[in-house]
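In case you want the letters, here they are:
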Amino acid sequence: MLKQTLRLVLLPAAAAVLVACGGGGGGGTGPSTVDTLTLSGIAATGAAFVGAEVAVTDKTGEIVGKSAPVGNDGKFKVTVSTTTQAPYVLTASRTTANGEVQSLVSVSASTEDSLVNVTPITHLIASRLSPSGDPSKLSTELAASNAVVTNETISQAVGQITTVLEPLLEATGTQTQNLLSENFSVDGTGIDRLLDSIKVSVVPFSPTASNVSVSVKQALAEGEQPPTINFQSNASDLPTLPVINAQLLVENGTAVKVSNLMRNLTACFAVPFEDRVNGVTSSSTLVVTGGAADVKASKCKDLFLGKNPANYLSNGARVGRDVNNIGAFSGLFRRATTNSVFSDGAFEYSTTSGDLIISYKSVTSAGIENTGLIVARKNSSGELELVGNGYQFPGGVAAFHQRRNFISLNQSNYDYHNTGYAINVANINDQDGNPLFNRVVVTSPRNDRVFVLRPNGGISFLTLTKDDNPNASSLSGTLSPTNVVRLRSEYIVEAPAKSHPRIVDNSLVFSSVDWTEKELTDVSDIGAWKFEYYLSSSPGVVASTQYFRTRTRALSIAEIKEKGFASFTRKFIKQISESTELSGTNRGRVVLSGGDKFNFKTVDDGDGWIVEGKQLPPILISTFGRIANNGSFARFNDEVGVSSTDRKGAINCSPQNIADVHCSNGGPGYAAGAAIDSLQLFTRDSKGSEFGSLYGMYPLNLP
């Protein structure tokens, strides 16, 4: 009966209804009697696509109309002249404070007033209509007559995506509703609940295809993977989601509760600093230290489980701020965060106990933007309160992509791209100032591969071991300087005689055999990684087992080439490379004389880096290096945040623990003899994927 109903909706003869009537109401009004027509609908991902403007391009590729910014109800309306030429491509776009452009695309071939939504599902439909599979290129392809967008092809694409999603449509009770033009509200019911339950990724990788992933957001046990399908945009036979258990999906109306939580967070941070926490003595106080008991504003206390901030625990952090600015919700204790706005709250998945994992965005009054995840639990009234994940220790894993450039010792022929995962565990200290962790053993969701991380000198995060012996409690074994597992690597300039980067750049951790591009793209976005923590005080016993999930999979090499990386200016690179040592134990590196910061700018105060095209601007600049200590070399790293508009900056030296000697008198200047062996421009997109453009100044293992 379901398939018969779907066929009735999607018959080509009904195509005009599909794009004009709007299914459940609010649809077309018949032929226009004036010289304009209106395209209106909802722009949403489940949550309203707040702040986006919807631009309409016609058959010529010209923008013929644009909406006002989308509000909290997700509604938009664009009026265009009847002299424009259908079909139309609708693109809802917004730019984050970090410079990332987020877009959703939809289509209409109607020449009448029409209801046309813009959602991740319409983005999927547009991908099927685009010859490249890239919805952002559809308007250009249409103008060049490379794409065919008619009532018939739209109906066909809707039918294909309906079949892909059929089990989820049935589980959400939306199988008879119109995926393009259903009239709905962003209230977590109907089509909006469907959007809350789906994660869609469309990533271009060639001129003729994009990789598509569809995952179901639902309740997951620790270590469990979500239902996921992957396919290429130009595939003739599309997979269908597996049977979905409706009881595991997000509850009806959750979107409203999430929206209320964002509003309550904003209300808390709108409280004046003096009234928010204890210890603020005057309007000149910028920051204070304190704990959960020092939160005094009721609007802030009410955010947390039982209206008590002391009930919050996440990744080992309690509500508060110490002298190093460490603590959960440390922004409560900083004046600069006053009037921060929280938005874009969206359900990501839930635990089997019912806790909700929610993604969000926050923007300070100065325009500094952050994204992240929070864990909330329903109280007796059904409203959401913050509880945290309950974990004792920090951790996390993220898709990581990098271009490694070598700017000294004539090694640029060995520049290469690599992709994999960054396993993030902070190198925190115990009460005596020594490393807390002996090691952390991490098991990946694919093939149960085991990785071991350990403290490494003055580096602020645990780094990977080369031998990966999970049972070795002694500190023996070769340490890599990074926490990245590289699954695939390709030279920028290929040459048959070159050894693989795992041999040439042999201090890093690579897969023993490169993953294929298809193996990379077949991985689920939401992968669960197991972390087992061993403390220095008791290295033979697992102190805690925790699970962390990726938000996106690692991109293939072809996909990251499409995105590109920010880069240092040629002038800055020349300046740095000319400062490197030509011989000795620090050959290739920049050795500092001591007492100075490290400046990411040219000597004439010119820009240190540039950002072009689709490249994301850096949010962190970093130094990595080593310093002689007791007859060997100790590793270190330092970093500083930068804004999306910055193109130069400077890094202070900051010691990691009591044994760290790379800073002069504890900083902010570097100690004499500190050798910088690489610099990095780092950024992170709104989905949590990380990107690094690294410039190395150390000898490679060349024949």
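Note that the coordinates shown come from a computational prediction; the quantities given were computed from them, not determined experimentally. (Residues numbered from 1 in each chain as written. Predicted model: local features only at pLDDT ≥ 70, side-chain atom pairs only at ≥ 80, totals over all residues. Heavy atoms only, no water.)

### Considering empty space enclosed by the protein
Okay, step 1: Across all of its chains, the model carries two cavities of 30 Å³ or more by this definition.
Okay, step 2: Empty space within the second largest cavity amounts to approximately 50 Å³.
Okay, step 3: What lines the second largest cavity is Gly46, Ala47, Asp196, Thr254, Ala255, Val258, Gly345, Ala346 and Phe347.
Okay, step 4: Of all the elements in the fold, those that place two or more residues in the lining of the second largest cavity are helix H7 (254-270) and strand S16 (341-351).
Okay, step 5: For the lining of the second largest cavity, the class distribution of residues is five nonpolar, three polar and one charged. (1 Å grid on protein atoms, 1.4 Å probe; cavity = no way out; pocket = protein on both sides within 12 Å on 5 of 7 lines; lining within 4 Å. Points joined across faces, edges and corners; volume = space filled by probe spheres on them. Helix = DSSP H or I, 4+ residues; strand = E, 2+ residues; numbered from the N terminus. Nonpolar A, V, L, I, M, F, W, Y, C, P; charged D, E, K, R; others polar.)

### Describing the sheet that holds strand S23 (residues 450-454)
Okay, step 1: Sheet architecture is open: five strands sit in the order S24-S23-S22-S27-S28, paired in antiparallel fashion. Here the strands that pair on one side only, and so sit at the sheet edges, are strand S24 (463-464) and strand S28 (538-549). (Pairing = 2+ DSSP bridges.)

### Side note on the sheet that holds strand S2 (residues 53-57)
Okay, step 1: Spatially, S3-S2-S5-S6 is the arrangement adopted by the four strands of the open sheet, whose pairing is antiparallel. Edge strands, defined here as strands with exactly one partner in the open sheet, are strand S3 (63-66) and strand S6 (101-108). Neighbouring strand axes in the sheet, compared pairwise and without regard to direction, differ in orientation by 25° on average. (Axes fitted to C-alpha atoms, helices over the stretch in contact; angles between N-to-C directions.)

### Some words on the pairing of strand S25 (residues 484-491)
Okay, step 1: Counting buried positions along S25 yields eight of eight residues, so the element is predominantly enclosed.
Okay, step 2: Two strands pair when backbone bridges link them, and strand S21 (residues 416-423) and S25 are joined in this way by seven bridges, in the antiparallel orientation. Bridged to Gly420 within S25 is Arg486.
Okay, step 3: Taken together, the two bridges between S25 and strand S26 (residues 509-510) define a ladder with parallel strand orientation. (Buried < 20%, exposed > 50% of the residue type's maximum accessible area, 1.4 Å probe, protein only.)

### Observations concerning the state of the cysteines
Okay, step 1: As enumerated under the stated definition, the model contains two disulfides in all.
Okay, step 2: Paired through a disulfide, Cys653 and Cys663 show a sulfur-sulfur distance of 2.0 Å. Linking Cys653 and Cys663, the disulfide has an S-S dihedral of approximately -90° and is accordingly described as left-handed. On the criterion of sequence distance, the pair formed by Cys653 in the loop between strand S35 (649-651) and strand S36 (675-684) and Cys663 in the loop between S35 and S36 is long-range, its members being ten residues apart. An identical accessibility class is assigned to Cys653 and Cys663; each is buried.
Okay, step 3: In the protein, the cysteines engaged in disulfides, taken in order along the sequence, are linked 1-2, 3-4. (Disulfide = S-S within 2.5 Å.)

### So, the pattern of salt bridges
Okay, step 1: Scanning all chains against the criterion turns up 23 salt bridges.
Okay, step 2: Residues Arg589 and Asp677 are paired through a salt bridge, measuring 3.6 Å at the closest nitrogen-oxygen approach. A residue pair is termed long-range when its members are at least 10 positions apart, and Arg589 in the loop between helix H13 (570-577) and strand S30 (590-591) and Asp677 in strand S36 qualify at 88 residues.
Okay, step 3: Using a relative accessible area of 8% as the deciding quantity, one classes Arg589 as buried.
Okay, step 4: The network of salt bridges with shared partners includes Arg488, Glu490, Glu517 and Lys561. (Salt bridge = Lys/Arg side-chain N within 4 Å of Asp/Glu carboxyl O.)

### As for the packing of aromatic side chains
Okay, step 1: Taken as a whole and assessed by the stated rule, the structure comprises 24 aromatic pairs.
Okay, step 2: Ring centres 4.7 Å apart and planes at 55° place the aromatic pair Phe568 and Tyr695 in the tilted group. Separated by 127 residues along the polypeptide, Phe568 in strand S29 (residues 567-568) and Tyr695 in strand S37 (residues 690-696) bring together distant segments of the chain. This pair shows no difference in class: Phe568 is buried, exactly as Tyr695 is. (Phe/Tyr/Trp six-rings, centres within 6.5 Å; stacked < 30°, edge-to-face > 60°.)

### Digging into the side chain of Thr122
Okay, step 1: As for its position among the elements, Thr122 is in helix H3 (residues 120-129).
Okay, step 2: Residue class for Thr122 comes out buried when judged on its relative accessible area of 1%.
Okay, step 3: The residues touching Thr122, leaving out its near neighbours within four places in the chain, are Val105, Ser106, Asn117, Leu179 and Leu180. (Contact = heavy atoms within 4.5 Å.)

### Describing the nonpolar core
Okay, step 1: Judged by nonpolar contacts, the single largest core of 43 residues is most densely connected at Ile121, Ile125, Leu165 and Val214.
Okay, step 2: Here this core takes nine residues from helix H5 (residues 151-172), the largest share from any one element.
Okay, step 3: Apart from residues lying up to four places away in sequence, Val214 is in contact with Leu124, Leu165, Ile198, Lys199, Pro227, Thr228, Ile229, Phe231 and Leu241.
Okay, step 4: Ranked by size, the runner-up nonpolar core spans 33 residues in total, among them Phe273, Val280, Ala297 and Leu303. (Core = buried A, V, L, I, M, F, W, Y, C linked by side-chain atoms within 4.5 Å.)

### Quick look at unusual backbone geometry
Okay, step 1: Omega for the peptide link from Ala86 to Pro87 comes to 5°, which places this bond in the cis form.
Okay, step 2: The topology assignment puts Pro87 in the loop between strand S4 (75-81) and strand S5 (88-95).
Okay, step 3: Across the junction of Gly667 and Pro668, the peptide omega takes the value 5°, indicating a cis bond.
Okay, step 4: Turning to its location among the elements, Pro668 is positioned in the loop between S35 and S36.
Okay, step 5: One non-glycine residue, Lys307, lies in positive phi territory at about 55°.
Okay, step 6: Located in the positive-phi region is Leu409, a residue other than glycine, with phi close to 60°.
Okay, step 7: Overall, Leu409 belongs to the partly exposed group, its relative accessible area being 26%.

### Here we look at H7
Okay, step 1: Here H7 is 17 residues long and its end C-alpha atoms lie 24 Å apart, about the 24 Å a rise of 1.5 Å per residue gives.
Okay, step 2: If you check which residues of H7 are buried, you get Thr254, Ala255, Val258, Asn260, Leu261, Met262, Leu265, Cys268 and Phe269. (Expected span 1.5 Å × (residues − 1).)

### Some remarks on the confidence of the model for the protein
Okay, step 1: For the protein, mean pLDDT is 91; residues scoring 70 or higher make up 95% of the total.
Okay, step 2: Segment residues 1-33: pLDDT under 50, and 67 contacts once partners within four positions in sequence are set aside and those in other chains are kept. (pLDDT = per-residue confidence, 0-100.)

### Let's talk about H5
Okay, step 1: Across its 22 residues, H5 extends only 27 Å between first and last C-alpha, which sits more than 12% below the 32 Å expected from 1.5 Å per residue.
Okay, step 2: Roughly 70° is the biggest bend found in H5, and it falls at Leu165, with proline Pro167 one to four residues downstream.
Okay, step 3: Burial runs high along H5: 16 of the 22 residues are buried.
Okay, step 4: Downstream of H5 by one or two residues, Gly173 has phi in the positive range, about 70°. (Bend = angle between axes of the 7 residues up to and from the residue.)

### Describing the environment of Phe333
Okay, step 1: Secondary-structure assignment places Phe333 in the loop between strand S15 (320-321) and S16.
Okay, step 2: Since its relative accessible area comes to 0%, Phe333 is described here as buried.
Okay, step 3: Sequence spacing of Phe333 and Glu274 is 59 residues, and the spatial spacing of their C-alpha atoms is 9.9 Å.

### Describing the packing of H3 against H5
Okay, step 1: It is the contact of H3 with H5, at a shortest axis distance of 9 Å, that shows an interaxial angle of 125°. Here H3 lies oblique to H5, going by the angle between them. By crossing handedness, the relation of H3 to H5 is classed as right-handed. Taken together, the residues of H5 that come into contact with H3 (itself represented by Ile121, Leu124, Ile125, Arg128 and Leu129) are Thr153, Ile154, Ala157, Val158, Gln160, Ile161 and Leu165. (Parallel < 35°, antiparallel > 145°, perpendicular 65-115°, else oblique. Left-handed = near helix turned anticlockwise from the far one by under 90°.)

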